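# Summary of structural features
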Amino acid sequence: MSQGTVTSADGTAIAYSMWGGGDPIVIIDGATAHRATTPENAQTAELLAGEFQVINYDRRGRGESGDTAPYAVEREIEDLAAIIEQAGGGRPATVFGWSSGGLLALHAAQAGAPIARLVVWEPPVVVDDARPPLPPDYVERLDAAVAEGRPGDAVALFMTAAALVPEEAVAEMRGSDFWPGIEAIAPTIAYDGRIVGDTMSGKPLRTALWDKVNVPALVLYGDNTWPALAAGARAVADHLPTATLKAIPGENHGTTADVLAPALRDFAKGA
């Protein structure tokens, strides 16, 4: 495994880890996650390194990556493009995204990033009344909490409004050892809120949302996941004419390297 940085279009340094050689596979984390908090990414990469060049990077504002204001979703698309171009040697990549990282991958494919194949795991899409939608002022409330020096309140809003964690459970979490680490990246929670946009509104996906995505896509979800996420996965697969929908037995909003690596291997090979 090697580590390094690439320089995004706005000059931001994006840190990455890389394993193996061969055709590139890029792993994108979801909200709040980064390399130091997702060991399953490294484990997946190690299982694939004999056949592929696997790259996992810290999204801007997290881990060892920098950040440059003002934020826009387009900056994160440029970050991914820089990873593919500079770390991956410019070869079109299979891109895998966890949760809201999958939405980022879809937006990047829509924008024409050099993506050969696309895999998403349980994108946070709410198209019915199976769960409450995100509040319409969600991003504004996140931004205000961070601007006013209340990062813990931003984290709490994400957990209660987006992840539907009960308020009493979040109150207990505030005293946990991991809470300061999440507070440190609280500004980036609004980044994911902007990436999510209106896909968690409880309404059908807009027709033109990803209408330019024409690469093979695989939409994965666990068959033990929340009903709303299963419905969201189906909605994304239905939206993409090139997509295959696959339920993974026994899994939920997360999975293990032993499950993920074979799915990525087969899809990247066109199996």
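Once a new chain begins, its residue numbering starts again from 1 and follows that chain's sequence as written. The model is predicted, so local features are restricted to residues of pLDDT at least 70 and side-chain atom pairs to those at 80 or more, both for listing and for counting; the totals for chains, interfaces and linings are taken over all residues. Where side-chain values are given, they derive from all heavy atoms of the structure, hydrogens and water being excluded.

### Things to note about the overall build of the protein chain
Starting at the N terminus, helices and strands are each numbered in turn, a helix being any DSSP run of H or I of at least four residues and a strand any DSSP run of E of at least two. When its secondary structure is counted, the protein chain shows 10 helices and 8 strands. C-alpha atoms define the radius of gyration in this analysis, and the globule rule sets the expected value at 2.2 Å times the number of residues to the power 0.38. Against the globule reference of 18 Å for 271 residues, the protein chain gives a C-alpha radius of gyration of 17 Å, in line with a compact fold. Taken along its principal axes, the extent of the C-alpha atoms in the protein chain is 45 × 35 × 35 Å. Residue exposure (1.4 Å probe, protein chains only): buried if accessible area is under 20% of the type maximum, exposed if over 50%, otherwise partly exposed. Residues counted as buried form 53% of the 271 residues belonging to the protein chain. It only takes one pair of heavy atoms within 4.5 Å for two residues to be counted as in contact. The contacts in the protein chain between residues at least 6 apart in sequence include a share of 76% that link residues at least 24 apart.

### Describing the sheet that holds strand β1 (residues 2-7)
Spatial strand order, β1-β2-β4-β3-β5-β6-β7-β8: 8 strands in an open sheet with mixed pairing. Each of the sheet's edge strands pairs with one partner strand only, and the pair in question is β1 and β8 (243-248). Recorded for the sheet is a direction-independent mean angle of 25° between the axes of neighbouring strands. Think of each axis as a best-fit line through the C-alpha atoms, taken over the contacting stretch in the case of a helix, with angles from 0 to 180 degrees between the N-to-C directions. Together, β3 (23-28), β4 (52-57), β5 (93-98) and β6 (115-121) form the strand contacts of helix α3 (residues 100-110), whose direction differs from that of β6 by roughly 155°. Contacts between helix α9 (residues 227-239) and the sheet are confined to β7 (217-222) and β8, with β7 contributing the most and set at about 170° to the helix. A pair of strands is considered paired only if DSSP assigns at least 2 bridges between the two.

### Thoughts on the pairing of β1
The pairing of β1 with strand β2 (residues 13-19) spans 6 bridges and is antiparallel. Note on β2: the bridge partner recorded for Q3 is S17. Taking the residues between adjacent antiparallel strands as the criterion, β1 and β2 are bridged by 5 residues, where G11 takes a positive phi near 90°.

### Some words on the nonpolar core
Take the buried residues of types Ala, Val, Leu, Ile, Met, Phe, Trp, Tyr and Cys, join any two whose side-chain atoms come within 4.5 Å, and each joined set is a nonpolar core. If you look at the biggest cluster of nonpolar residues, it comprises 69 residues, and the most contacted ones within it are V95, I115, L118 and Y138. When residues in this core are grouped by element, the largest group, 8 residues, is from helix α5 (residues 151-162). Here Y138 is in contact with L157, F158, A161, A162, I189 and G193, once residues within four sequence places are set aside. Listed in part, the 20 residues of the second largest apolar core include A45, W98, A261 and F267.

### With respect to the packing of helix α2 (residues 73-87) against α3
Following both chains from N to C, one finds α2 and α3 inclined at 85°, their axes separated by 10 Å at the closest point. Relative to α3, the element α2 is oriented roughly perpendicular. Between α2, through V73, E76, I77 and L80, and α3, the contact on the second element is made entirely by L104, H107 and A108. Three classes are used: nonpolar for Ala, Val, Leu, Ile, Met, Phe, Trp, Tyr, Cys and Pro, charged for Asp, Glu, Lys and Arg, and polar for all others, with Gly counted as polar. Here the contact of α2 with α3 is built from residues that sort into 5 nonpolar, 1 polar and 1 charged. Orientation is classified from the angle alone, with under 35 degrees giving roughly parallel, over 145 giving roughly antiparallel, 65 to 115 giving roughly perpendicular, and any other angle giving oblique.

### Observations concerning the packing of aromatic side chains
In this scheme Phe, Tyr and Trp rings, the latter by its six-membered ring, pair at centre separations within 6.5 Å, and the angle between planes marks the pair as stacked below 30 degrees, edge-to-face above 60, and tilted otherwise. Considering all chains together, one arrives at 3 aromatic pairs under this definition. Pairing Y71 with Y191 gives two aromatic rings, centres 3.8 Å apart and planes at 5°, and the pair type is stacked. In this pair, Y71 sits in the loop between β4 and α2 while Y191 sits in helix α8 (residues 189-196), placing the two residues 120 residues apart along the sequence. Residue Y71 shares its accessibility class with Y191, and that shared class is buried. A centroid spacing of 5.1 Å and a plane angle of 75° characterise the contact between F96 and W98, whose relative ring orientation is edge-to-face. Each member of the pair F96 and W98 is classed as buried. Ring-pair connections join several aromatic residues into one group, and the members of that group are F96, W98 and W121. Whether a charge sits over a ring comes down to the Lys NZ or Arg CZ being within 6 Å of the ring centre and within 35 degrees of the ring normal. Positioned above the aromatic ring of F267, the side-chain terminus of R117 is 5.2 Å from the ring centre.

### Some details on the pattern of salt bridges
Each salt bridge in this description consists of a side-chain nitrogen of Lys or Arg and a carboxyl oxygen of Asp or Glu lying within 4 Å of one another. Within the structure shown, the criterion is met by 17 salt bridges. Across the salt bridge formed by D58 and R35, the nearest N and O atoms sit 3.0 Å from each other. Highlighted residues: D58 in the loop between β4 and α2 and R35 in the loop between β3 and α1 (39-48), separated in sequence by 23 residues. The buried category is assigned to D58, whose relative accessible area is 2%. Judged by relative accessible area, R35 falls into the buried class, the value being 15%. The salt bridge partner of R194 is D143, with a shortest N-O separation of 2.6 Å. Taken as a pair, R194 in helix α8 and D143 in helix α4 (residues 138-147) lie far apart in primary sequence, 51 residues in all. Among the charged side chains, a network of salt bridges with common partners joins D10, R60, D67 and D79.

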